[in-house]
Amino acid sequence: MTGSERADAARNRAAILAAAAELFDRDGVEQVSMNDIARAAGVGKGTIFRRFGDRTALIEAVLLPRSVAMRRLVDHGPPPLGPGGEATDALRAYLDLLLDFVWENRALIRALEHRVPHAYYAHSSSRYWLTELARRLAATHPQDTDYLTYILSTALRADVLDYLISVRGMNPEQVRAGLHRLAVPATRDPGAPLADVDRRSVS
């Protein structure tokens with residue numbers, strides 16, 4: 001009986017995650033209720049709360065396998081995204097990955113960005129991506145690494161990208177090109193501080 005209950009619980013969890021992912025992606029996070037997910041999964045609403053605790057935990061659970069797949073590419077994929085790439089190419093490839101992931105999952109991520117003060121930067125799920133961005137920036141911007149890590153990560157917020165593309169009407173490739181210019185200015189000497197580049201650009 002215990003084994004049967006565990007199997008039922010695993011099936012319920014999988015059904016809930018599949019239903020939530022489909023509904024969130026199709027209709028948007030704000031338009032989907034827990035009742036909608038329960039009906040689509042064929043379970044009671046109480047089962048969702050017992051399995052996941054609350055809506056935030058459910059959203060995080062939907063995002064988790066997508067994040068894990070992306071991390072696998074970063075840790076073990078071919079260069080320049082995976083290990084062994086040239087530093088500038090590796091940085092650009094990583095920014096491209098983050099941009100695409102955030103844009104494709106913007107509704108889910110936006111639902112998590114403002115939960116508590118500094119949630120976007122301090123949440124445990126963000127720490128790996130910030131640390132990896134800092135590591136790649138350190139190879140090309142050794143004097144500005146910490147500052148640029150947070151400037152570039154802020155430019156990759158789901159609410160920022162959604163506003164620029166959905167409201168301001170910018171093309172996603174325009175945003176991508178701008179992000180690349182922020183990270184690797186064409187006139188930049190990799191060993192020079194940002195202030196030196198700014199002075200040269202206006203002299």
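Novice: Tell me about helix α8 (residues 124-140), residues and numbers included.
Specialist: With 17 residues, α8 ought to run about 24 Å at 1.5 Å a step, and its terminal C-alpha atoms sit 26 Å apart, in line with that. For α8, the complete set of buried residues consists of Ser126, Tyr128, Trp129, Leu130, Glu132, Leu133, Arg136, Leu137 and Thr140. Buried positions along α8 lie against α4 (55-76), α5 (87-104), α7 (119-122) and α9 (145-155).

Novice: Could you give me a rundown of the packing of α8 against α9, with the residues and numbers involved?
Specialist: Here α8 crosses α9 at 130 degrees, and the two axes come no closer than 9 Å. Judged on the interaxial angle alone, α9 and α8 are oblique. The way α8 lies across α9 gives a crossing that is right-handed. Mapping the contact onto sequence places Arg127, Leu130, Leu133, Ala134, Leu137 and Ala138 in α8 and Thr145, Leu148, Thr149, Tyr150, Leu152 and Ser153 in α9. Per-class residue counts for the contact of α8 with α9 are eight nonpolar, three polar and one charged.

Novice: Could you give an account of the packing of helix α2 (residues 34-41) against helix α3 (residues 45-52), naming the residues involved and the relevant values?
Specialist: Interaxial distance between α2 and α3 falls to 8 Å at its minimum, and their mutual angle equals 100 degrees. The angle between α2 and α3 falls in the class roughly perpendicular. Touching Met34, Asn35, Ile37 and Ala38 of α2 are Lys45, Ile48 and Phe49, all from α3. Of the residues belonging to the contact of α2 with α3, the class tally is five nonpolar, one polar and one charged.

Novice: Go over the environment of Asp27, please, and point to the residues and values.
Specialist: Here Asp27 shows up in helix α1 (residues 2-27). A relative accessible area of 34% places Asp27 in the partly exposed class. Each C-alpha atom of the pair Asp27 and Ala107 lies 9.7 Å from the other, and the pair is 80 residues apart in sequence. Within the structure, the side chain of Asp27 is placed 3.0 Å from the side chain of Arg26, a separation counted as a polar contact.

Novice: A description of the nonpolar core should follow, citing residues and the corresponding values.
Specialist: Of all hydrophobic cores here, the largest spans 50 residues; its most connected members are Ile16, Phe24, Ile37, Ile48 and Leu58. In terms of residue count, α5 provides more of this core than any other element does, nine residues in total. Excluding anything up to four places from it in sequence, Phe24 contacts Val29, Val32, Ile37, Arg55, Ile59, Val62 and Leu108.

Novice: Explain the layout of surface pockets to me, and be specific about the residues and the numbers.
Specialist: One number sums up the size of the largest pocket: a volume of about 710 Å³. What lines the largest pocket is a set of 30 residues, and nearest its centre among them are Ser67, Phe101, Ser125, Ser126 and Trp129. For the lining of the largest pocket, the secondary structure elements donating two or more residues are α4, α5, α6 (106-113), α7 and α8. The element that contributes the greatest number of residues to the lining of the largest pocket is α4, accounting for eight residues. Its boundaries defined by the atoms lining it, the second largest pocket holds a volume of some 160 Å³. Around the second largest pocket sit 14 residues that line it, and Gly85, Ala90, Glu132, Arg135 and Arg136 are the ones nearest its centre.

Criteria and thresholds
Residues numbered from 1 in each chain as written. Predicted model: local features only at pLDDT ≥ 70, side-chain atom pairs only at ≥ 80, totals over all residues. Heavy atoms only, no water. Helix = DSSP H or I, 4+ residues; strand = E, 2+ residues; numbered from the N terminus. Expected span 1.5 Å × (residues − 1). Buried < 20%, exposed > 50% of the residue type's maximum accessible area, 1.4 Å probe, protein only. Contact = heavy atoms within 4.5 Å. Axes fitted to C-alpha atoms, helices over the stretch in contact; angles between N-to-C directions. Parallel < 35°, antiparallel > 145°, perpendicular 65-115°, else oblique. Left-handed = near helix turned anticlockwise from the far one by under 90°. Nonpolar A, V, L, I, M, F, W, Y, C, P; charged D, E, K, R; others polar. Polar contact = N/O pair within 3.5 Å; in protein donor to acceptor, adjacent residues only side chain to side chain. Core = buried A, V, L, I, M, F, W, Y, C linked by side-chain atoms within 4.5 Å. 1 Å grid on protein atoms, 1.4 Å probe; cavity = no way out; pocket = protein on both sides within 12 Å on 5 of 7 lines; lining within 4 Å. Points joined across faces, edges and corners; volume = space filled by probe spheres on them.

Read these as spatial facts, not as claims about activity.
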